[in-house]
Amino acid sequence: MEGRWCWRTWWFGGRGRSSRYGVAMPLLLAVLLLFACWPSRSLVEGKTFFRDRHKQLQQEAEQKKNQQKEEVPDNTINVGIIMPVTNLRLRYYQLKIRNGAKHFGNRLMMYKFGYDQFIQEQMALNPSPTNILNTLCRSFLPKNVSAIIYTTNDESFGRNTASAQYFLQLAGYLGIPVIAWNADNSGLEQASMSGLRIQMAPSIHHQAAAMLSILVRYQWHAFTIVTSHIAGHTDFVQTVRDQVHQYGDPQDLSKPKIKFTIIDNVIINNAKEDLAVVADSEARIILLYSTNQEAKSIMRAAETMGLTGENYVWIVTQSVMGSLSGVNNNNDFPVGMLGVHFDTNDDALQEAIFTTVRIFGYGVMNFLSDARNEHLSLQPKLSCENQTNARWTLGATFYRYLKNVSIPYDKVYENLDNNKRGLVEFLPDGSRKDVELKIMNLRDSGTSSETRKWEEIGTWNSWEPEGVQINDIVWPGHQHVPPPGVPEKFHLKIVFLEEPPYISLASPDPVTGKCNANRGILCRVATEAMMAKVENHTLAQQNSTYYKCCSGFCIDMLQKFSDELGFSYDLFRVEDGKWGTLEDYKGSRHTTAQSGHKGNKWNGLVAALMNRKADMALSSFKINSERESVIDFTVPFLESGIAIVVAKRTGIISPTAFLEPFDTASWMLVAFVAIQVAALTVFLFEWLSPGGYNMKMAPPRDHKFSLLRTYWLVWAVLFQAAVHVDCPKGFTARFMANIWAMFAVVFLAIYTANLAAFMITREEYHDFSGIEDHRLENPYVKKPPFKFGFVPYTNTETILSKHKPEMFQYMSQYNKTSIELGIKAIKKGEQDAFIYDATVLDYLVGQDDECQLLTVGTWYHMTGYGIAFPRGSKHTAHFNERLMSYKDNGDMERIQRFWLTGACKPKKQNKRASEPLALEQFLSAYLLLFTGVLLALILLLLEHVYFKYVRKHLAKTDSGGCCALISLSMGKSLTFRGAVFEAQNKLRRHRCRDPLCDTHIWKVKHELDMARVKIKQLEKELESHGVKPSRKFAPRQGNILTSCWKPNAQDTDDENIPQFLNVYASLTTGRAEREIMGTREVFGARDMTRNHITSNDPARPSSTATLTPPPETGGARQRYRICLKPKTKVGFIIRR
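Because the structure is a prediction, the values reported are computed rather than measured.

What counts, and at which threshold
Residues numbered from 1 in each chain as written. Predicted model: local features only at pLDDT ≥ 70, side-chain atom pairs only at ≥ 80, totals over all residues. Heavy atoms only, no water. Helix = DSSP H or I, 4+ residues; strand = E, 2+ residues; numbered from the N terminus. Buried < 20%, exposed > 50% of the residue type's maximum accessible area, 1.4 Å probe, protein only. Contact = heavy atoms within 4.5 Å. Areas by Shrake-Rupley, 256 points an atom, 1.4 Å probe, with all protein chains shown as cover. Polar contact = N/O pair within 3.5 Å; in protein donor to acceptor, adjacent residues only side chain to side chain. pLDDT = per-residue confidence, 0-100. Disulfide = S-S within 2.5 Å.

Colleague: In this structure, what is going on with the overall build of the protein? I would like to understand it.
Modeller: When helices and strands are counted, the protein shows 36 helices and 35 strands. Buried positions account for 45% of the 1136 residues belonging to the protein. A separation threshold of at least 6 residues defines the contact pool for the protein, and within that pool the share at least 24 residues apart is 72%. With an accessible surface of roughly 61,400 Å², the protein has 55% of that area assigned to carbon and sulfur atoms.

Colleague: It is not clear to me how the side chain of arginine 882 should be interpreted in this structure. Could you clarify?
Modeller: Mapped onto the fold, arginine 882 is located in helix H28 (residues 875-889). Exposure remark for arginine 882: the relative accessible area of 8% places this residue in the buried category. A polar atom in the side chain of arginine 882 sits 2.3 Å from the side chain of glutamate 282. When neighbours within four sequence positions are excluded, arginine 882 is seen to be in contact with Thr261, Glu282, Phe561, Glu564 and Leu565.

Colleague: Sorry, what's going on with the side chain of asparagine 441 here?
Modeller: Here asparagine 441 lies in strand S13 (residues 436-444). What makes asparagine 441 buried here is its relative accessible area of 0%. Separated by 3.2 Å, the side chains of asparagine 441 and arginine 443 make a polar contact. In this view, asparagine 441 contacts Gly336, Met337, Leu338, Lys453, Trp454, Glu455, Ile457, Ile473 and Val474; residues no more than four positions away in its chain are not counted.

Colleague: Any chance you could explain the confidence of the model for the protein here in plain terms?
Modeller: When pLDDT drops low, the exact placement of atoms in the prediction is not to be read closely. Overall, the predicted model of the protein reaches an average pLDDT of 78, with 74% of residues at or above 70. Taken together, the stretch residues 34-47 has pLDDT below 50 and engages in two contacts with residues farther than four places along the chain or on a different chain. Scored below 50 in pLDDT, residues 908-914 shows four contacts in the model against residues more than four places distant or in partner chains.

Colleague: Hey, could you run me through the state of the cysteines in this one?
Modeller: Here a disulfide denotes a covalent bond joining the sulfur atom of one cysteine to the sulfur atom of another. What the rule picks out here adds up to three disulfides. Each sulfur of the disulfide joining cysteine 515 and cysteine 549 lies 2.0 Å from the other. Because the sign of the S-S torsion sets the handedness, a value of about -100° for the bond joining cysteine 515 and cysteine 549 places this disulfide among the left-handed ones. With cysteine 515 in the loop between strand S17 (504-506) and strand S18 (521-524) and cysteine 549 in strand S19 (residues 547-551), this residue pair connects regions lying 34 residues apart in the sequence. Disulfide pairing is shown between cysteine 523 and cysteine 550; the S-S distance is 1.9 Å. Linking cysteine 523 and cysteine 550, the disulfide has an S-S dihedral of approximately 80° and is accordingly described as right-handed. With cysteine 523 in strand S18 and cysteine 550 in strand S19, the pair connects residues that are 27 residues apart, well separated along the chain. No difference in accessibility class separates cysteine 523 from cysteine 550, as the two residues are buried.

Pasting the structure below:
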């Protein structure tokens, strides 16, 4: 100091009178005179001189720059360091660098590390991007710096903070680790934390943790966050929210389990307007993050709004307090303000420089001590001009060694407090793990109450579980006890109207007059007139006429509100017992269309709020537009609508229950696809099979199988009927029948298993689709008409009168005064349905002991239940905030799940299960039987129609015998041979009643045998004429002859063919024969309408067989068929 004083005296002059001026003043006067007298030419030469001198200086700078670009020796480790611009303090900073580096000496093996290896740069406040780039590209990268130390104690949180962030991001892009100590690091965006940065100064995370530790200490669980547009304000809010989540996370064992509530997050644009939100809220604890100047304007506005009183506590960050070493005017801040602080003065900066140098040295030692890094170099060799070498690939690895440093305090701190022990360590994000913050309290200075100062009252240590340690605090308003942190208690008069499950009433204990734990809270049900006559209120509470116990959904919600908002209340029942609708002064109701008329008034809960008899209405109070026009509602705490409840009645089993196991499509598929395909394939395979029909029209001998018999087989197998069936002979057809049997087993098993579920007693009810069901809109479509009603003076009445006026007029005659009476009416059958609030009906359905109730249809006119307040009440916003928080954190869902869920538990289920079934319960079986009888009668009628009208026409057209493929019975009925077989069967089955009948039968048989002999003789005569009878239809024993034959191939002339053939057979019959046959003659002409033989011609004693020659056909071979047609008893005619 003495030397500097002498130089200053020589230049500027001494302080005494004798040496008033020094050398500076005379020199200044001489220069002025020289310029005044200098000629113009000399001025030009002077300009040239200065221009040349400027060029010379530029050349010297280029030479210096080239010298800096010389190769750095491989055995050195260079470090770039940035310090604030200063001349007076620079040598102190350099001294800290020298002291920090000399500790390592030769401990870094082959690397040279000392003071000369620190590339020093001073960066001014608010540097331009060009200056930042020049520092990196011209100063640090040519020297191959392995890391950069960045230090600054500026807290302006303006452009300088943005410049710092820009610099740190550039360094991270280059891959160069940065060891930073910057006081304004809280203003850096979290995105910059992704770089290779180690932050030595306390971060915004530490400050937020310290602030919440203060809240934990004094049990303040609700607070508001106020910020300006300071850099990093969004990160501060997010950090606080993350810390709050950690306190509530049961998995995080490092913090106590406390449930914090962030009431508001206010960003200040206009202080008075934005702070109005805080003034209207219940917040009493406020966290402030802004600059010092912004905080002063915020606190001035807060003071005018009463937010700095004794009940409000402001906790501020380091950015608000700033450096406490300077002269700061703190009079704008209220007494009792709390803050978190760390030193940012010049001494702290010097200590940070020393510490960062030591951290870098120990990081290099860790890197070199790892054998894996033996051949790796710590010289990046980067260049801003070379694109191929723009990022140091080893930087991230070296950064991990720096971040993993764990060094005792005495090795990294120069001036260490004896009480300070521990290790310097870092978190995964590069911030300090061991941080100590000071807890400051603003109080009046000792000299004057007009000036205020910050005093340290405690510390917060990140490594201690309890966190904060506080000794003595001056609280707001110079109080000596902490404020509660919540609003002052207030009292509310709450009106209600009971409706389970939202509010249920029960009698209190008759002795104590109190409610048990499961019965809720005491509420008044007596009117004010009754209470005015009461002298002893204690005795009145024991009387259930005056007081009841209220419990339910809304009561649980009310108790939660009371605990968190801190208010007391009186709960009383609305006197008129109405919800709130418009009515005239005579007491008659008005519909919505009439509500605009003068002279109408509100009743019920709405009237109690409008007349200020109550501060709040709490119940299952529906929100609608009419009520919202006169009172205020909170946000809905539960959604609801209008629903319909009906009663279930025991019905009968459906007559078509046996068809219900399968739907219509399934039955159609079985009947028209499966059965048809199975029958047709079985018969087709039988017709194609060599063992079956072998593709012939006539069936083989003794083979009884046709298409209709195939259908009989398929149906019998499908339903496993124990009936006689004819089986196919072909192997393929039999295999297909077995496949169908397997299908039938599966089908019948499924059908039987599901049939039991449908053959049970059904419960019947009116399945309305909703309020807009046509049966409700037009109740007279049913005789008698539908009966349904509602409860008057409710939201249901208001909505129906507005949107369904015709239905409303009809329903009014079936109204009930309460929902309980409506439920009884539908259970007794007096009404078909009842319309009311959906959630209430769902609850009553679940509580029904007999399980006879059911809600049907969709909900109509969806709305919600809300808490009502008088118009303009200040409490509405507070309750809205709580309701929203309850929905977010699941509290509302838990209350709803407790009160509004459950199913009915019938008490009479066992009794009802043992009741016998009545006749109407199995009508489906009788229906099936009667339907079968009707179908059988129809088939019988069709059978008679066939034999009487259809068969004779069909016999003429069915010459090939195709009908036999469909039905053997039909085929036989169309042929003569079949008729004879039918007659023979009748004869075989016939038994005579007396011996005379047997004699006649023997005589007829004898005559028949004689006729066979005669036929043989006729055959021989035909053979003698060259006509050989065909043996295809040769007569058999016991059959009547019907013969067809062909002429020989040689017999082509007509004269060789007999012209006439007389056949005479005397088959005389008498009365006994007619008794046997039941007809006039034994054999005669074939009647196609009967199954026996009759004669259409008169009886004659003889008959002739006539051979009718064929017409000329040009010499072609002709086929002759001799058919024996009875003319009388036995007469034959030979036809072509």
